[in-house]
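A look at the structure
Residues per chain are reported as follows:
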Amino acid sequence: MTTDRPVTEPSAAAATAAIVADIAIVGGGLAGSLAASVLARAGHRVALVDKRAVHPDEFRVEKLGGQQLEMFRRLGFLHALENVACRYDRVLNIREGKVVDVSVGQAYGFSYAGLVAMARSQLPDPSNLIVDEVTAISPSNDVQHIELASGRRLEARLVVLATGMAGALGYKLGIKRRVLAERHSVSFGFSIARRDGTPFDFEALTCYGERTADGIDYLSLFPVPSGMRANLFMFRDPTDPIMRELRREPEATVLRLLPGLRPYLGDFHVTDKVQNWVMDLTVVEGHLQPGIVLIGDAFQTNCPAAGTGVARLLVDVDRLCTEHAPRWLASAGMGTKKISQFYSDPDKLAADQRSLKMARFRQALTSRNDIEWDVRRRLHFLRRSLTHRVDQMHPGWLGRVRGALRA
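Ranked by internal contacts, the top residues of the largest apolar core, which has 73 residues, are I25 and L81. For this core, the element with the most residues is helix α9 (residues 309–329), which contributes 10 residues. The contacts of L81, once residues within four sequence positions are left out, are L64, L69, F72, Y108, F110, L115 and M118. Counting residues in each nonpolar core, the second largest holds 29 residues, with F200, M234, M243 and L255 among its members.

See the structure below:
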């Protein structure tokens, strides 16, 4: 159901009238803001509800590349992304101070707050965003009733929960999280610069961990509009003293854990606060309910080191907003038979499963020290190094081989 009327409107003239929309999206982070923009631009009446008019600058996803950019292009956000991000095309990959290979391909670095602001800027009408907090949802097979902290009410045929890892609303609805791997990974984010103000000698760099005992997957360095950003991904007990050392003395601690970095960084310093996330791998249960659908981290969390979180989020947005929701709105009702179609979507299922598989693979490749994984680790980096050397001697051969395999 689409309309040329305002995106949100009173259902009656009374002062206590509810705001009416086709779709109410709860949570204005990346998933919710992208979904709201896709749906609103398609002509649906959308209400995006978030308690903050401007999203805070928190440590979340800060770079995109590969297939993620293709999905951004397909959803119509790539041009806007280019205006808030730094593009880079070459990543120098090292381990133990030696070059493993060089990744070539379009990628972008940005701040998470900037990315969310970009997504919200694509809303066709500022009134799409309602700055408020949802306190309760009453689902049904037809219309969903939403109560806001301000006392206002919202009615919508479909509610999209894009609340990330915040579980209060889901808990009220009987939706629970099942923990697959508690404290699965730890991620750190900070910015760096050389003390003399000169630029680094690389466009972007990835340094892989050198010892399984350290639990370091990799440190990724890439440009953002404000300078050079660092993302460090670890599989290690979050209560380990090394975590405190990384926050208090990040420069010395990073070089102690990754000594091969020293010649590439020179005399550098951390220029802002060191932020960190501890991530559990979780999935929800009890989520199949009439009139409500969960996307992004609200449905399943991801391992940041695996780099699959944004791809999975984009699959959710794409499949829900371009395929399922428009079809659901074209007919009466919003029962569980419709909602289940999204959760059983083959593309969504594949993205969810790949995300969990990659999370376990990255942890094992980083931390397992048995013979099997020691051999797999050595072969993994040896294969990459040999491929890189051959490509240097015969430039372009790898691209031709990959093209032939795709044909």
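Further notes follow.
Considering every residue of the chain, the mean pLDDT works out to 92; 93% of them sit at 70 or more. In the predicted structure, residues 1–15 sits below a pLDDT of 50 and forms 34 contacts with residues beyond four places in sequence or in another chain.

Before going further, it helps to examine empty space enclosed by the protein. Scanning the model with the defined rule gives 1 cavity of 30 Å³ or more in all. Roughly 30 Å³ of volume is contained in the largest cavity. Sorting the residues of the lining of the largest cavity by element identifies β11 (176–194) and β13 (216–224) as the ones contributing at least two each. The residue inventory of the lining of the largest cavity, partitioned by class, reads 8 nonpolar, no polar and no charged.

So, on to the pairing of strand β6 (residues 98–109). Two faces make up the sheet, and in a regular strand the side chains alternate between them. In the sheet, strand β4 (residues 63–65) pairs with β6 via 3 bridges, with the strands oriented antiparallel. Residue L64 lies in a different strand from β6, and its bridge partner there is Y108.

As enumerated under the stated definition, the model contains 31 salt bridges in all. With its nearest N and O atoms 3.1 Å apart, the salt bridge here joins D132 to R152. Placement of D132 in the loop between β7 (129–131) and β8 (134–138) and of R152 in the loop between β9 (144–148) and β10 (153–161) is noted, with a sequence separation of 20 residues between them. What makes D132 buried here is its relative accessible area of 9%. In this structure, a network of salt bridges that share partners links the residues R312, D316, K348 and D352.

In this section: the packing of aromatic side chains. A full pass over the atoms with the stated rule returns 9 aromatic pairs. An angle of 55° between the planes, with centres 5.0 Å apart, marks the rings of Y218 and F233 as tilted. Within this pair, whereas Y218 is found in strand β13, its partner F233 is found in strand β14 (residues 227–234), the two being separated by 15 residues in sequence. Neither residue differs from the other here; Y218 and F233 are each classed as buried. Members of the aromatic cluster, joined through ring pairs, are Y208, Y218, F233 and F381. The cationic tip of R41 hangs over the ring face of F77; the distance from NZ or CZ to the ring centre is 4.5 Å. Over the ring of W373 we find R376; its NZ or CZ atom is 4.0 Å from the centre of that ring.

Attention shifts here to the environment of K98. Here K98 shows up in strand β6. Using a relative accessible area of 61% as the deciding quantity, one classes K98 as exposed.

It is worth spelling out the side chain of H388 at this point. If you trace the backbone, H388 turns up in helix α12 (residues 371–393). Relative accessible area serves as the criterion here: at 16%, H388 is assigned to the buried category.

Okay, the packing of helix α11 (residues 346–367) against α12 next. Axis separation between α11 and α12 bottoms out at 8 Å; the angle between their running directions is 100°. Here α11 lies roughly perpendicular to α12, going by the angle between them. On α12, the residues that touch F361, A364, L365 and T366 of α11 are W373, R376, R377 and H380. Class assignment for the residues of the contact of α11 with α12 results in 4 nonpolar, 2 polar and 2 charged.

Our next topic: unusual backbone geometry. One can expect most non-glycine residues to show negative phi and most peptide bonds to be in trans. The backbone of E96 shows a phi angle near 55°, a positive value even though the residue is not glycine. With respect to the helices and strands, E96 occurs in the loop between β5 (86–95) and β6. Even without being glycine, R183 reaches a positive phi, approximately 50°. The topology assignment puts R183 in strand β11.

Rolling a probe over the atoms, with the probe sized like a water molecule, indicates the empty space that remains. Put simply, the second largest pocket is a space of about 280 Å³. Along the wall of the second largest pocket there are 16 residues; nearest its centre are R95, G209, E210, T212 and R377. Secondary structure elements with two or more residues in the lining of the second largest pocket: β13, α11 and α12. Among the elements that make up the lining of the second largest pocket, the one with the highest residue count is α12 (4 residues). In terms of residue class, the lining of the second largest pocket is made up of 4 nonpolar, 3 polar and 9 charged.

Across the interface, helix α1 (residues 30–41) lies against α9 with an axial gap of 10 Å and an inter-helix angle of 30°. Here α1 lies roughly parallel to α9, going by the angle between them. When the axes of α1 and α9 are compared, the crossing they make is right-handed. Mapping the contact onto sequence places L30, A31, L34, A35, V38 and L39 in α1 and L313, L314, V317, C321, T322 and A325 in α9. Its residues assigned to classes, the contact of α1 with α9 shows 11 nonpolar, 1 polar and no charged.

Rules behind the numbers
Residues numbered from 1 in each chain as written. Predicted model: local features only at pLDDT ≥ 70, side-chain atom pairs only at ≥ 80, totals over all residues. Heavy atoms only, no water. Core = buried A, V, L, I, M, F, W, Y, C linked by side-chain atoms within 4.5 Å. Buried < 20%, exposed > 50% of the residue type's maximum accessible area, 1.4 Å probe, protein only. Helix = DSSP H or I, 4+ residues; strand = E, 2+ residues; numbered from the N terminus. Contact = heavy atoms within 4.5 Å. pLDDT = per-residue confidence, 0-100. 1 Å grid on protein atoms, 1.4 Å probe; cavity = no way out; pocket = protein on both sides within 12 Å on 5 of 7 lines; lining within 4 Å. Points joined across faces, edges and corners; volume = space filled by probe spheres on them. Nonpolar A, V, L, I, M, F, W, Y, C, P; charged D, E, K, R; others polar. Pairing = 2+ DSSP bridges. Salt bridge = Lys/Arg side-chain N within 4 Å of Asp/Glu carboxyl O. Phe/Tyr/Trp six-rings, centres within 6.5 Å; stacked < 30°, edge-to-face > 60°. Lys NZ or Arg CZ within 6 Å of the ring centre and 35° of its normal. Axes fitted to C-alpha atoms, helices over the stretch in contact; angles between N-to-C directions. Parallel < 35°, antiparallel > 145°, perpendicular 65-115°, else oblique. Left-handed = near helix turned anticlockwise from the far one by under 90°.

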